[in-house]
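# A structural walkthrough
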Amino acid sequence: MNFSVALDLFPLLSGLLAATTCALLGNFLVLRKLSLMGDAISHSVLPGLVAAFVLAGSRNSGVMFLGAAAAGVFTAVLVEIIKKLGRVEPGAAMGVAFSVLFALGVLLIEQFARQVDLDADCVLHGQLEGLVWYGHPETWRDAFTPQSLAGVPREIWTQLGMLAGAALFVGVLFKELRIAAFDAGLATALGINASAMHFALMVVVAAATVASFEAVGSILVIAMLICPAATARLLTDRLATQVWLSLAAAVLSTVAGYTGASAIPALFNLPAVSAAGSMTVASGVLLVVAIVAAPRYGVIARVLHRRSLARRVLIDDLLGVLFRQREAGEPESSIQELAAAMPGRAVPEAVTLATQAGLVSRAGARVALTEPGIERGVDIIRRHRLWEHYLVERAGFRPDHVHDPAEVLEHLETSPPEGPVADPHGREIPSPPASS
Amino acid sequence: MSPVLHASRTKQASLAERSEHSEHNPLSVHAVTVAYHRKPVIWDVDFDIEPGRLVAIVGPNGAGKSTLVKACLGLVPRAAGQVEFWGGSYATSRSRVGYVPQRESVDWDFPVSALDVVCMGRYRKIGWCRPVSRSHKRAATACLDRVGLADLAHRQISQLSGGQQQRVFLARALAQEADLYFMDEPFAGVDAATERAIVAVLRELRDEGKSVLVVHHDLQTVRTYFDDIVMLNMRVVATGPVNEVFTNENLHKTYGGRLTLLSEAAEAVARAGAGAP
Amino acid sequence: MNPGTSITEVLEILTFRSGFNTTVVIGGTALLGLAAGVVGVFALLRKRSLLADAVSHATLPGIAIAFLTAGLLGMEPRSLPVLLLGAAISGLAGTGAIHLIVHHSRLREDAAIGIVLSVFFGLGIVLLSYIQSEAATGSAGLNAFIYGQAATMRTADVLLMGAIAAVSIALPAVLHKELALVCFNADFARVDGWPVARLDLVIVALIVLVTVAGLQAVGLLMVVALLIIPPAAARFWTERLWVLLVLSGFVGAASGYAGAAISAAFPNRPAGAVIVLTAGFFFAVSMFAAPRRGIAAALIRRARLRLRIVCDHVVEAMHDAGVDELARTDFADLIGNLGWSPRLVAPVRLVLAQQRLARPRPGGGLSLTEAGRARGRRVSRNHALWTRYLITHADIAPSHVDWSVDQVEHALSAELIARLEADLAANPAARPEPRAAKKASA
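Small disclaimer: the values here were computed from a predicted structure and weren't measured. (Residues numbered from 1 in each chain as written. Chains lettered and ligands numbered in written order. Predicted model: local features only at pLDDT ≥ 70, side-chain atom pairs only at ≥ 80, totals over all residues. Heavy atoms only, no water.)

### A look at the overall build of chain B
When its secondary structure is counted, chain B shows 12 helices and 9 strands. By residue count, 58% of the 277 residues in chain B fall in the buried class. For chain B, the proportion of contacts with a sequence separation of at least 24, taken over those separated by at least 6, is 72%. As displayed, chain B offers around 11,400 Å² of accessible surface, 48% of which is attributable to carbon and sulfur atoms. (Helix = DSSP H or I, 4+ residues; strand = E, 2+ residues; numbered from the N terminus. Buried < 20%, exposed > 50% of the residue type's maximum accessible area, 1.4 Å probe, protein only. Contact = heavy atoms within 4.5 Å. Areas by Shrake-Rupley, 256 points an atom, 1.4 Å probe, with all protein chains shown as cover.)

Below you can see the structure in the form of structure tokens.
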């Protein structure tokens, strides 16, 4: 796409500001299982906004913020009241509070349609495309002249201020927010007022919602409060890292979404689609990618880990069988014999893998342990029999129950305690290989 | 030691003969292993329950007592092992099994009366989509009467005391008219009246030739309330008639010390059971 | 208010006398409210209320895709059954996505609901903006699904809505016993052989059905309120499931009726918002005024209990001090010494007199009756018993005992008292110090 300073700079910047602000705060919502409070507040600030409009008679940012923040706190308080005094289940309490407030907002908009320069549709998808830089500079050098700055839309300044505010809030209270998120009881014990933190967070979320939704719409706000933080949560266990990753995810989905909104339809000669909607979808796509491909918690990682473990177990089991044959005076075995000894297992694959690893050698259909293979086989059998001994002597297993657990335990890093020279079945427990 | 209740065999022979299914024990648990989130809770558990016996499962917190009950009933997946009811699968014997879940497992602020809850025990007999008929309500009321709550049949369940709620659960299980009962901590936090009522019902059930497996936490009352015992700490430490098995030595084995290497090993086995082929 | 609408016109609309189509719309919306109220009860009892929020938002891309697909296939793209089918499919896909996220990642259900809600809706907006830009097809019809447009519904649309609503009433009517069992105790149901997963799916399917039925009349942003608010409001009034179902259905139907009628009378009142606010009004009234569960009832109960406690403390203190009569100032001092506010002096005197525990004396004092002396003896006794119990049976430091006594001696059961009596008789040492003396010294 062709980037136009006049047409694209501020929509993109506005999206970035909204996304990063929301993502920053979203980390604490997701951790505290309050994800849906973001949803609730972004619906229920509507009546606060309309009331502020009507009272102030203009889109005065200060009054708007007051109205929205008041509505945000009111929502949080209302949810608590319905939950505690009405004994209503938390989910339903939230549902009651935000849907009634939202409906009130919709009705007020219709009622004061003439006074209020707001329509319900723009509340949902925002007006990103309307953020045009009138009188934009020709060169970057001119960007900071008074004339150029005067053309910067008011929304951008509001959002910049909000990002700074949110960053300050999180930066200053990071420790307290973290403790309150993990353990409200501990926080109280340490002298941190957990419920004050809760309401402070709600106020900031409400303010962020208002600052952002005018430009990007409330749906993108909800998405950015949850998706980047959820994505980051799948990538790390450390909260500080999670916050930075969530910001990165927010930036990435904004840029990808904004670019994609015009570039992808253009491929098919179609007109551009809603940028805010497309950013929302991008944040969802990024989350799906994280669910599937996250290094530790991703679906792929878990499958791969399980598979490599299964391979190692397969090779070890093959070596075990070969070693037992060898003990019985059969230094070589055929694939058929091995398959009979390892029912239901992929013996040819095991032989191939073990050959590649240099642990067995093949001559036609005959398979034999190599020198390193013998060493590892000794080790496996030793562990297996030591575990059998341990399970019978220490854990009270019956001797005929220990083979299967020991088959698993022999692959562990941890060794069983040293035992006698014979296993519960009277077989010799070999000494550890000389080299190790 | 050996999990089957050998010692009680001869004594129970007469009861067993009365039972139609004398050749099979009501419950036979074989090599059952269960893991939650890859953490093993019980490992390779074996034991049998004979007809007409009251059996306690005891063990420290986290020993896997409730998990064992849930694993028997198929409420948690088993990583390994089998559970047989009268020598067959659970699916075929379902109608002969009754269940008393932990009291805390449900929301007691639910808009039903004590009688409504007891009627739930009859739903299986009533069948799909059919209303609860008067005869079933009478049967349910009779069950409430057996636990001493007939007066409170129409009271909303949140207005019952903890002990009364527990007795409602017991009455519901009675309404199931089962031959084998599983009860998860029925004595937890109940008053003396409830405890007496539960014990009386347990003894009646035993006298009818039914068996009851009870997750129990009060070691003081094990001897007076129960015939057999399963002492559990991730593994079955001992099982058999209470007067033979409930010894200081076994108590020490069950409650003393943690078998760290064992739990690590069990974790590995459970992980393998849940994950790899 | 629309100046063109007179009171008589409004009355005509409210009483179904204002033309066939309006009547059909109002009746259909009331039926929808009834269905939502009934289905919502099970969503509430299964603690799945907010699932409906995700489902309703997730219908948007389905509507858009159905519109585009129908257009490609040469069908009438704005055919309501096609659009609602698309909505239902994508609503179900949304619940499926929530299920997948919860089971295949470490994210919890609240996050999953928020994710599905926003991302599906975002996708819907993308598709809508595309449809909008295709000037030839036009999309005014689709935007109506977001905020709802009851007034412009055609009779055929209302009939479809009514049919879906009727199905979603019939299903719980037949299965209410099984659904209630799963909601109350899913584990027991599973052990008893009921297919819990499938019954849960029935609840989800009912939520999707009601949502889809309500799309055109109420709009997808507000249909969720019809599923959540009526059952929550009805719950305040009853402890019986069938009453709850009837009441919740009634609140839903009344909200639907009011919303559709008012928006028919006043063009600038969107039906969805009015419906939600009507339901919200029912909720607020219920939460405040319902007997037993309502806030007012709870406040009255608490005030009564407090008065009873103060009265008990007064007669106990008088018993312990061996006093039968108090002058006005002594009485006020006693209340103060017991740690209560002086504002309670007059009410306590009144209650004591009402219960014939004390006779008021001229000048604001009072003197105990025989019943009052007996009560004082009993409270003092209970106090001693309870203190005894806490010291001997529970490991609580004796210095902390008195505080707990204040809270619980009024809740002792007769049985417990009998047991403690025996205990105290066997062990007569350690009676607590008199209450007023202690408070005064502290």
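### Some remarks on the interface of chain A and chain C
The interface is formed by 58 residues belonging to chain A together with 52 residues belonging to chain C. Across the chain A/chain C interface, buried area totals approximately 4,700 Å², and carbon plus sulfur atoms make up 74% of it. Here chain A and chain C share 1 salt bridge between them. Note that A:Asp237 is salt-bridged to C:Arg106, the shortest N-O span being 2.7 Å. For the side of chain A that touches chain C, the secondary-structure elements that each account for two or more residues are helix H1 (5–31), helix H2 (35–56), helix H3 (61–84), helix H4 (90–111), helix H5 (120–125), helix H10 (218–235), helix H12 (275–293) and helix H13 (299–327) of chain A. Ranked by the residues each element gives to the side of chain A that touches chain C, the list is headed by H4(A), at 15 residues. Grouping the amino acids of the side of chain A that touches chain C by side-chain chemistry returns 35 nonpolar, 14 polar and 9 charged. (Buried area = accessible area lost by both parts, 1.4 Å probe. Salt bridge = Lys/Arg side-chain N within 4 Å of Asp/Glu carboxyl O. Nonpolar A, V, L, I, M, F, W, Y, C, P; charged D, E, K, R; others polar.)

### Topic: the side chain of A:Ser283
Residue and element names in this part refer to chain A. Looking at where Ser-283 falls in the secondary structure, it is placed in helix H12. Residue class for Ser-283 comes out buried when judged on its relative accessible area of 2%. With sequence-adjacent residues up to four places away left out, Ser-283 is seen in contact with Ala-223, Met-224, Cys-227 and Ser-253.

### Digging into the pattern of salt bridges
Any two side chains of opposite charge can pair if their charged atoms end up close together. One pass over the full model with this rule turns up 33 salt bridges over all chains. Close ionic contact of B:Arg53 with B:Asp228 constitutes a salt bridge, the shortest N to O distance being 2.6 Å. Taken together, the positions of B:Arg53 in the loop between strand S2 (39–49) and strand S3 (54–58) and B:Asp228 in strand S8 (residues 228–233) put the pair 175 residues apart, joining distant regions of the chain. Here the two residues B:Arg53 and B:Asp228 agree in accessibility, since each one is buried. Across the pair C:Glu178 and C:Lys177 runs a salt bridge whose closest N-O atoms are separated by 2.9 Å. For the residue pair C:Glu178 and C:Lys177, the accessibility class agrees, reading buried in each case. Several salt bridges converge on common partners, so that one network encompasses B:Asp109, C:Arg235, C:Glu239 and C:Arg293.

### Comments concerning the packing of aromatic side chains
The full count for this structure, using the stated rule, is 13 aromatic pairs over all chains. Between the aromatic rings of A:Phe28 and A:Phe174, the centroid separation amounts to 6.3 Å while the plane-to-plane angle is 75 degrees, which identifies the pairing as edge-to-face. Residue A:Phe28 is located in helix H1, and its partner A:Phe174 is located in helix H7 (residues 154–182); the two are separated by 146 residues in the primary sequence. Each member of the pair, A:Phe28 as well as A:Phe174, is classed as buried. Considering the side-chain rings of C:Phe236 and C:Phe283, the 5.5 Å spacing of their centres and the 70 degrees angle between planes classify their relative orientation as edge-to-face. Remark: C:Phe283 occurs in helix H12 (residues 271–289) and C:Phe236 occurs in the loop between helix H10 (223–234) and helix H11 (241–265); sequence separation between them is 47 residues. Just as C:Phe236 is buried, C:Phe283 falls in that class too. Taken together, the aromatic side chains of B:Trp108, B:Phe110, B:Phe169 and C:Phe184 make up a single cluster linked through ring pairs. The residue whose ring lies beneath B:Arg96 is B:Trp86, and the NZ or CZ to ring-centre distance is 3.8 Å. (Phe/Tyr/Trp six-rings, centres within 6.5 Å; stacked < 30°, edge-to-face > 60°. Lys NZ or Arg CZ within 6 Å of the ring centre and 35° of its normal.)

### What about the sheet that holds strand S1 (residues 332–334) of chain A?
Residues and elements named next belong to chain A. Here 3 strands make up an open sheet; going across it, the order is S1-S3-S2 and the pairing antiparallel. The outermost strands of the open sheet, each flanked by one partner alone, are S1 and strand S2 (360–363). Neighbour to neighbour, the strand axes of the sheet diverge by 30 degrees on average, direction disregarded. Along the sheet face, H13 touches S1, S2 and strand S3 (366–369) and points at about 90 degrees away from the line of S3. (Pairing = 2+ DSSP bridges. Axes fitted to C-alpha atoms, helices over the stretch in contact; angles between N-to-C directions.)

### Structural notes on the sheet that holds strand S9 (residues 235–241) of chain B
Residue and element names in this part refer to chain B. Ordered by their spatial adjacency, 6 strands build an open sheet running S5-S6-S7-S3-S8-S9, and the pairing between neighbours is mixed. Edge strands, defined here as strands with exactly one partner in the open sheet, are strand S5 (97–100) and S9. On average, adjacent strands in this sheet sit at an angle of 15 degrees to one another, irrespective of strand direction. Sheet analysis places S3 next to strand S7 (residues 211–215), joined by 4 bridges and oriented parallel. Bridge pairing in S7 links Ile-57 to Val-215. Those strands touched by helix H2 (residues 65–72) are S3, S5, strand S6 (180–184), S7 and S8, and its axis lies near 130 degrees from that of S3.

### Digging into the confidence of the model for chain B
Confidence in the prediction for chain B averages 84 pLDDT; 83% of positions are at 70 or higher. Ignoring residues within four places in sequence, the model shows residues 1–22 of chain B, a span with pLDDT below 50, making 35 contacts including any to other chains. (pLDDT = per-residue confidence, 0-100.)

### Quick word on a positive patch on the surface
Residues A:Arg87, B:Arg155, C:Arg292 and C:Arg301 make up a contiguous surface patch of positive charge. With respect to the helices and strands, the residue C:Arg301 is situated in helix H13 (residues 295–321). (Patch = residues over 30% accessible without salt bridge, like charges linked within 9 Å, V, L, I, M, F, W, Y side chains within 5 Å. Lys, Arg positive; Asp, Glu negative; His and termini not counted. Charge placed at Lys NZ, Arg CZ, Asp CG, Glu CD.)

### So, unusual backbone geometry
The bulk of non-glycine residues show a negative phi, and the bulk of peptide bonds are trans. Residues and elements named next belong to chain B. Despite not being glycine, Asp-44 has its phi angle at roughly 55 degrees, a positive value. Overall, Asp-44 belongs to the buried group, its relative accessible area being 9%. We note that Glu-177 has phi near 50 degrees; this positive angle belongs to a residue other than glycine. On the basis of relative accessibility, which here comes to 44%, the residue Glu-177 falls in the partly exposed class.

### Focus on the state of the cysteines
The tally for this structure, following the rule as stated, stands at 0 disulfides over all chains. Not engaged in a disulfide, the cysteine B:Cys119 finds its nearest cysteine sulfur in B:Cys143; these two sulfurs lie 9.3 Å apart. In this structure B:Cys119 comes out as buried when scored by relative accessible area, which is 4%. Cysteine B:Cys129 remains unbridged, with the sulfur of C:Cys183 as its closest cysteine sulfur at 15 Å. (Disulfide = S-S within 2.5 Å.)

### Digging into the pairing of S3(A)
Residue and element names in this part refer to chain A. In the sheet, S1 pairs with S3 via 3 bridges, with the strands oriented antiparallel. Within S3, the residue paired with Glu-332 across the bridge is Ala-368. Sheet topology places S2 next to S3; 4 bridges connect them, and they run antiparallel. Bridging from a neighbouring strand, Arg-362 pairs with Val-367 of S3. Between S2 and S3, which pair antiparallel and follow one another directly, the connecting turn spans 2 residues, one of which, Gly-364, has a positive phi of 60 degrees.

### Considerations on a nonpolar patch on the surface
Residues and elements named next belong to chain A. Together, Val-288, Val-292, Val-299, Ile-300, Val-303 and Leu-304 make up a nonpolar patch on the protein surface, roughly 450 Å² of accessible area in all. At the level of elements, H12 and H13 are the ones that each hand at least two residues to the nonpolar patch. Residue contributions to the nonpolar patch peak at 4 residues, all from H13. Summarising the element assignment, Val-299 is placed in helix H13. For Val-299, a relative accessible area of 31% puts it in the partly exposed group.

### Some details on the packing of H4(A) against H12(C)
Packing of H4(A) against H12(C) leaves a shortest axis separation of 8 Å and a crossing angle of 135 degrees. The angle between the axes of H4(A) and H12(C) places the two elements in the oblique class. Along this stretch, H4(A) crosses H12(C), giving a crossing that reads as left-handed. Contacts between H4(A) and H12(C) pair A:Val96, A:Ser99, A:Val100, A:Ala103, A:Leu104, A:Val106 and A:Leu107 from the former with C:Ala273, C:Val274, C:Val276, C:Leu277, C:Gly280 and C:Phe283 from the latter. Considered class by class, the residues forming the contact of H4(A) with H12(C) number 11 nonpolar, 2 polar and no charged. (Parallel < 35°, antiparallel > 145°, perpendicular 65-115°, else oblique. Left-handed = near helix turned anticlockwise from the far one by under 90°.)

### Side note on the environment of C:Phe236
Note on C:Phe236: relative accessible area 2%, which makes it buried. Separated by 55 residues in sequence, C:Phe236 and C:Pro291 have C-alpha atoms that sit 7.9 Å apart. Excluding anything up to four places from it in sequence, C:Phe236 contacts A:Gly86, A:Val88, C:Phe283, C:Ser286, C:Met287, C:Ala290, C:Pro291 and C:Arg293.

### Some points on helix H8 (residues 192–207) of chain B
All names here are of chain B. With 16 residues, H8 extends 23 Å between its outermost C-alpha atoms, agreeing within 8% with the 22 Å of an ideal straight helix rising 1.5 Å per residue. Every buried residue of H8 is accounted for by Thr-194, Glu-195, Ala-197, Ile-198, Val-199, Val-201, Leu-202 and Leu-205. At its buried positions, H8 is contacted by S3, helix H6 (134–146), helix H7 (162–175), S6, S7 and helix H9 (222–225). Once H8 ends, the next one or two residues include Gly-209, with phi positive near 85 degrees. (Expected span 1.5 Å × (residues − 1).)

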